[in-house]
Amino acid sequence: MAYLVLSNGMTFEGQRIGAQGVASGEMVFTTGVVGYLETLTDPAYAGQVVVQTFPQIGNYGVISEDLEGAAAVAGYVVHELCDAPSNFRCEGTLDEYLKKNGVVGISGVDTRELTRILRSSGPLTAVICDEAPADIPEAASVRAGCTETTVYPAQGEKKYAVTLVDYGVKKSVIAHLCSLGCEVKAVPQETPAAAILAEKPDGVILSPGPGDPAQMAQAIALSQLLIGKAPLLGLGLGHQLIALAMGAKTVRLPVGHRGSNHPVRALGGSRTYITSQNHGYAVCADSLPASAVMTFQNVNDHSCEGVAYPALRCMTVQFEPDTNKSFIGTSFVYDRFIAMMGGNADA
């Protein structure tokens, strides 16, 4: 027996899965039908207790090739955990993976009811435990990303040198950039702008990651020093940091965008894309400077999903551009960045 205790006083009973111990953090839900391995290892989920809305999780087991890095979530909540996965790539059960990687979880919980609670109440802190605690601690701030510089060589001919400031990047992003001929140097988020620019990279990327962007003063200051000095791409958290550096504001969403099925409309065109997202904050579109052009908008809540700063060779998106070769709906974001590095200011 295990308990999921929420900061609003509600308690749910279930069965313990994964590692022993206590897990706590901000409780969030993700709406993906598949992709639980990518969810568990997405650094932007660091410090969070993640609820899977799809009722059965673990059907295809664990496939190491699909992992985006180390296990990142603070806790894991599912309705039903499959203990007999079926897939020709399967290397073990999800419960075995959770135990091996120290992820505390609970199953047998009505995850759809939890989702309804989060939709109506907004963010809550949750604890997974064996005995209900007297009180729920506040969710602590978290940090993700590398602590040492690592260089990833381009596949084939090296066409561009890209510096990526790592706030919590997924390995598939780096792999996709390398497949496009980019040598990627991933640097810790504390790296000074002068050190980045001294090596004269062809382009700079600010990666996705967890946290409240408005509280990341050092990251905002770094963005201010990089804007206009080299072609710049902001992804997820990077999109928010660049907007803040340009004088815009961010706001915490009543319901965060997490999952692989969020519709985004391209402004100035007729296309709508289904995107993967993982964030709880958004850029306030009406606070953007006059020089900025909003390029994408969320279909559900009309929040800002992309901005271009044409005069500064800078573009940002809130969603995660596709890196899967079998589905390339929004991979054009990387193509535009590469075109911008190649001197095409209209990319």
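Residues numbered from 1 in each chain as written. Predicted model: local features only at pLDDT ≥ 70, side-chain atom pairs only at ≥ 80, totals over all residues. Heavy atoms only, no water.

> I'd like a description of the nonpolar core, backed by residues and values.
Val165, Tyr167, Leu288 and Tyr309 are the most contacted members of the largest nonpolar core, which has 29 residues in total. When contributions to this core are tallied by element, the ones reaching two or more residues are helix 5 (193–198), strand 13 (203–206), helix 6 (217–226), helix 7 (237–245) and strand 18 (304–309). Here the element with the most residues in this core is helix 7; it accounts for 6 residues. Contacts of leucine 288, omitting those with residues within four sequence positions, involve Ala243, Ala248, Val283, Val307 and Tyr309. Residues Cys182, Val264, Phe337 and Ile338 belong to the second largest nonpolar core, which totals 28 residues. (Core = buried A, V, L, I, M, F, W, Y, C linked by side-chain atoms within 4.5 Å. Buried < 20%, exposed > 50% of the residue type's maximum accessible area, 1.4 Å probe, protein only. Helix = DSSP H or I, 4+ residues; strand = E, 2+ residues; numbered from the N terminus. Contact = heavy atoms within 4.5 Å.)

> Describe in detail the sheet that holds strand 14 (residues 232–235), supporting the description with residues and values.
The sheet built from 10 strands is open, its strands ordered 10-12-11-13-14-19-18-17-15-16 with mixed pairing. Here the strands that pair on one side only, and so sit at the sheet edges, are strand 10 (150–152) and strand 16 (272–283). Within this sheet the neighbouring strands show an average axis-to-axis angle of 25 degrees, counted without direction. One ladder, built from 4 bridges, connects strand 11 (residues 160–166) with strand 13; its direction is parallel. In the strand pairing of strand 13, valine 165 is matched with leucine 206. (Pairing = 2+ DSSP bridges. Axes fitted to C-alpha atoms, helices over the stretch in contact; angles between N-to-C directions.)

> How would you summarise a nonpolar patch on the surface if you had to cite specific residues and measurements?
On the surface, Val33, Val34 and Phe54 cluster together into a nonpolar patch covering about 260 Å² of accessible area. Looking at where valine 34 falls in the secondary structure, it is placed in the loop between strand 3 (23–30) and helix 1 (36–40). (Patch = residues over 30% accessible without salt bridge, like charges linked within 9 Å, V, L, I, M, F, W, Y side chains within 5 Å. Areas by Shrake-Rupley, 256 points an atom, 1.4 Å probe, with all protein chains shown as cover. Salt bridge = Lys/Arg side-chain N within 4 Å of Asp/Glu carboxyl O.)

> An account of the side chain of serine 331 is requested, with residue identities and associated values reported.
Residue position: serine 331 is located in the loop between strand 19 (314–317) and helix 8 (332–341). Those residues within four positions of serine 331 in sequence are excluded, and the remaining contacts are His176 and Asp322.

> Break down the pattern of salt bridges for me, with residues and values.
Overall, the coordinates contain 10 salt bridges when judged by the stated rule. Across the salt bridge formed by arginine 89 and glutamate 65, the nearest N and O atoms sit 3.4 Å from each other. Here arginine 89, found in the loop between strand 7 (80–81) and helix 2 (94–100), pairs with glutamate 65, found in the loop between strand 5 (56–57) and strand 6 (75–77); they are 24 residues apart in sequence, far enough to count as distant. On the accessibility criterion, arginine 89 (29% relative accessible area) is partly exposed. Its relative accessible area of 60% is what places glutamate 65 among the exposed residues. Measuring nitrogen to oxygen at the nearest pair gives 3.1 Å for the salt bridge that ties aspartate 66 to arginine 89. Of this pair, aspartate 66 sits in the loop between strand 5 and strand 6 while arginine 89 sits in the loop between strand 7 and helix 2, and the two are 23 residues apart along the sequence. Salt bridges linked by common partners bring Glu65, Asp66 and Arg89 together as one network.

> I'd love a proper account of the sheet that holds strand 9 (residues 124–129), names of residues and values included.
One key point about sheets: their strands pair by backbone hydrogen bonds, in either a parallel or an antiparallel sense. The strand order 1-2-8-6-4-3-9 describes a closed barrel built from 7 strands, whose pairing is mixed. The sheet shows a mean angle of 35 degrees between the axes of neighbouring strands, taken without regard to direction. Note that strand 1 (residues 2–6) and strand 9 share 4 bridges and pair antiparallel. Across the sheet, the residue bridging to leucine 4 is isoleucine 128, located in strand 9. Seen against the sheet, helix 3 (residues 111–121) touches strand 1, strand 2 (11–18), strand 3, strand 4 (48–52), strand 6 and strand 9 and runs at an angle of roughly 90 degrees to strand 3.

> Which residues make up the layout of surface pockets, and what values do they have?
The method is simple in principle: a probe with the dimensions of a water molecule rolls over the atoms, and the space it marks as empty is what remains. As a volume, the largest pocket reaches approximately 1200 Å³. For the lining of the largest pocket, the elements supplying multiple residues, two or more each, are helix 1, helix 4 (171–179), strand 15 (250–266) and strand 16. Broken down by element, the lining of the largest pocket gets its largest block of residues, 6 residues, from helix 4. Grouping the constituent residues of the lining of the largest pocket by class yields 14 nonpolar, 20 polar and 11 charged. (1 Å grid on protein atoms, 1.4 Å probe; cavity = no way out; pocket = protein on both sides within 12 Å on 5 of 7 lines; lining within 4 Å. Points joined across faces, edges and corners; volume = space filled by probe spheres on them. Nonpolar A, V, L, I, M, F, W, Y, C, P; charged D, E, K, R; others polar.)

> Just give me the short version of the pairing of strand 8 (residues 104–107), but keep the residues and values in it.
On strand 8, burial covers both faces: Val104 and Ile106 on one face and Gly105 and Ser107 on the other are all buried. The pairing of strand 2 with strand 8 spans 4 bridges and is classified as antiparallel. Opposite isoleucine 17, over in strand 8, you have glycine 105 as the bridge partner. Pairing of strand 6 with strand 8 involves 3 bridges; the strand directions are parallel.

> I'd like to hear about the packing of helix 6 against helix 7, residue by residue, with values.
Axis separation between helix 6 and helix 7 bottoms out at 8 Å; the angle between their running directions is 70 degrees. Accordingly, the angle class assigned to the pair helix 6 and helix 7 is roughly perpendicular. Listed contacts from helix 7 to Ala219, Ile220, Ser223 and Gln224 of helix 6 are Leu241, Ile242, Leu244 and Ala245. (Parallel < 35°, antiparallel > 145°, perpendicular 65-115°, else oblique.)

> Help me get a handle on the pairing of strand 17 (residues 293–298), residues and values and all.
Where strand 15 lies against strand 17, 3 bridges are found, and the strand directions are antiparallel. Following the sheet pairing, arginine 265 is matched in strand 17 by glutamine 297. In terms of strand pairing, strand 17 meets strand 18 through 4 bridges, oriented antiparallel. Residue pairing for strand 18: phenylalanine 296 is matched across the bridge by glycine 306. Linking strand 17 to strand 18, which pair antiparallel, is a turn of 5 residues; within it histidine 302 sits at a positive phi near 65 degrees.

Remember that the coordinates give geometry; whether it matters functionally is a separate question.
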